[in-house]
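Fold and contact review
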Amino acid sequence: MKKILGTLFALLLTVGLVGCAKQGYRSVDDIKKDGTIKIGVFSDKHPFGYVDKNGKYQGYDIELANRIGKDLGVKVKLVSTEAANRIEYLKTNKVDIILANFTVTDERKEEVDFALPYMNVSLGVVSPTKKVITSLDNWNKNDKLIVISGTTAETYVTKNYPNIPLQKYDTYANAKNALENGNGAAWLNDNTEVLSFAKSTKGFTVGIPTLGSQDKIAPAVTKGNSDLKKWIDNEIKSLNKEDFFSKDYDKTLASVYGKEYKSTIVIK
Amino acid sequence: MAKWGFDLLFQGQNLSRLLEGLTLALYISAIAVVLSLVLGIILGIAQVKGHPLIRTIMRGYVHFIQIMPQLVLLFIAYFGLRAFAINLSPEMASIIVFTMWGTGEMSDLVRGAIVSMDHHQYESGLALGMSSRQVYIHVVIPQIAKRLIPLSMNLITRMIKTTSLLLMIGVVDIIKVSQQIIETNRLASPNGAFGIYLVVFMLYFISCYPISILARYLEKKWRI
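Since the structure is predicted, the reported quantities are computational estimates derived from the model, not experimental observations.

Section: the UniProt feature "domain: Solute-binding protein family 3/N-terminal" (unreviewed entry) in chain A
Taken from the UniProt record, the annotation "domain: Solute-binding protein family 3/N-terminal" (unreviewed entry) applies to residues 36-256 of chain A. Segment residues 36-256 of chain A splits into 36% helix and 30% strand. End C-alpha atoms: 32 Å apart.

Examining the sheet that holds strand 4 (residues 57-58) of chain A
All names here are of chain A. On the basis of which strands lie adjacent, the open sheet formed by three strands has the order 2-3-4 and antiparallel pairing. For this open sheet the edge positions go to strand 2 (44-45) and strand 4, each flanked by a neighbour on one side alone. By the bridge criterion, two bridges tie strand 3 (residues 49-51) to strand 4 in an arrangement that is antiparallel. Within strand 4, the position partnered with Tyr-50 by the bridge is Gln-58.

Examining the UniProt feature "domain: ABC transmembrane type-1" (unreviewed entry) in chain B
According to UniProt, the feature "domain: ABC transmembrane type-1" (unreviewed entry) maps to residues 22-215 of chain B in the numbering used here. Strand forms 0% of residues 22-215 of chain B and helix 79%; the C-alpha atoms that close the span are 22 Å apart.

Notes on the domain arrangement of chain A
All names here are of chain A. Its domain assignment divides chain A into domain 1 (24-118 + 218-265) and domain 2 (121-214). Domain 1 and domain 2 are separated by 29 Å when their C-alpha centres are compared. Counting from both sides, the interface comprises six residues of domain 1 and, opposite them, eight residues of domain 2. In the side of domain 1 that touches domain 2, the residues fall into three nonpolar, three polar and no charged.

Side note on the interface of chain A and chain B
Between chain A and chain B, the contact holds 30 residues from the first and 24 residues from the second. Of all the secondary structure elements, the ones that give two or more residues to the side of chain A that touches chain B are helix 1 (2-21), strand 2, strand 3, strand 5 (75-81), helix 7 (172-180) and helix 8 (191-200) of chain A. The element contributing the most residues to the side of chain A that touches chain B is helix 1 of chain A, with four residues. Partitioning the side of chain A that touches chain B into residue classes produces eight nonpolar, 13 polar and nine charged.

So, the packing of helix 7 (residues 174-184) of chain B against helix 8 (residues 192-221) of chain B
Residue and element names in this part refer to chain B. Running from amino to carboxyl end, helix 7 crosses helix 8 at an angle of 160°, the nearest separation of the two axes being 10 Å. Here helix 7 lies roughly antiparallel to helix 8, going by the angle between them. Crossing angle aside, the handedness with which helix 7 passes helix 8 is right-handed. Across the interface between the two elements, Ile-174, Ile-175, Ser-178, Ile-181 and Ile-182 from helix 7 touch Gly-192, Ala-193, Ile-196, Tyr-197, Val-200 and Leu-203 from helix 8. Here the contact of helix 7 with helix 8 is built from residues that sort into nine nonpolar, two polar and no charged.

Thresholds, definitions, all that
Residues numbered from 1 in each chain as written. Chains lettered and ligands numbered in written order. Predicted model: local features only at pLDDT ≥ 70, side-chain atom pairs only at ≥ 80, totals over all residues. UniProt positions renumbered as here; feature names shortened; annotations may be inferred. Helix = DSSP H or I, 4+ residues; strand = E, 2+ residues; numbered from the N terminus. Pairing = 2+ DSSP bridges. Domains from an automatic or database assignment. Contact = placed C-beta atoms within 7 Å. Nonpolar A, V, L, I, M, F, W, Y, C, P; charged D, E, K, R; others polar. Axes fitted to C-alpha atoms, helices over the stretch in contact; angles between N-to-C directions. Parallel < 35°, antiparallel > 145°, perpendicular 65-115°, else oblique. Left-handed = near helix turned anticlockwise from the far one by under 90°.

Shown next, in the form of structure tokens:
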């Protein structure tokens, strides 16, 4: 027994030392040599990264992921990640890139390195076409503004427009039903959400397509992997030249948000 | 019908994707269960009969496993071990963690069952002229096994149900597949979660209920 324990201990120690000696992330050359790039994406965020009914990955982020693989000349292995564990995947080098609709924030910048952004997000307001609301200033005190609890929309309006009466709901489905039933004059949410709602529901218009601070969505790599980051930056620059993201928008997002909002969402 | 999202099941490969997710979850738990039962019985006996040092180590191990949330163990195995250059696939990390957890719990159940055996059972057996070995085979082990059945069946169903945590380390299990289906159709059928999760509930039930039935049957059959 003692012998076994001793061997185990020695084994662990060796593994530990090897681990410390090894550099974690992979450079562009490492990836090319291996022949496969691992990219973390969402598998349940329509229409950015999702799995269609036939089990195939689809969406705006996925198009970019596949293009990156093509231009590197390697196979793409898509890894399903969750919002809560995206940073862990990079920190432990389980993936080379995260393309899971990752919003650039100062907090995240300390843990991962972001490449050039490829998408904009901000808040938006949708209201009935009969009575479109185009500004949150001069809000009618008798009207209620619908928000979903715990979202950035709620934080924003509580901070900047404390006098607007709110009607809060817990889920997307409830907020949507409430607006359709006229329980509120307008609905404030991520602009992608309200745009897709207005697009798919008759009689509603997005009066304010962008509100508050503009956030950027960008690919992220492991902290310090400047080689891969530089490659992605150049890739995004050259993709912009050939209007890749505009075509990507037409292919994956236009049917959900409408063609007219391309310049709002896509970064040129 | 369409309102509750049952129709989503029959679009494309959705139903077979759900079943694939379930199969993966059951496959991972089946391997872990078999390993846990074998290792758990061996280590359980070692906890009672083994060297004092082994007993102390085992007690510490069981406490550790019982205190740690399974999700933390999964994160340690999948992300944490990466620091030691051990790169496990999500499935492998799941099997290892579930086996460690199951073994700890099982060995504690075995230890409890052995300790709870009245001492006069051994003594009566010896007094009847049986050898120590015969006492174990004919008197002690059958009774321990009987006491263990309901407890270990309970452990097995718990292990199957806990596979719903595996999506956090990237295993595309039945829960993850249902989330994918629900989210992909969020705009078209906002209440799809109801129908899909109801089906998931039934699939889990179908997977776990036979185990309960088997446990009840064995208990009845082995009643002394």
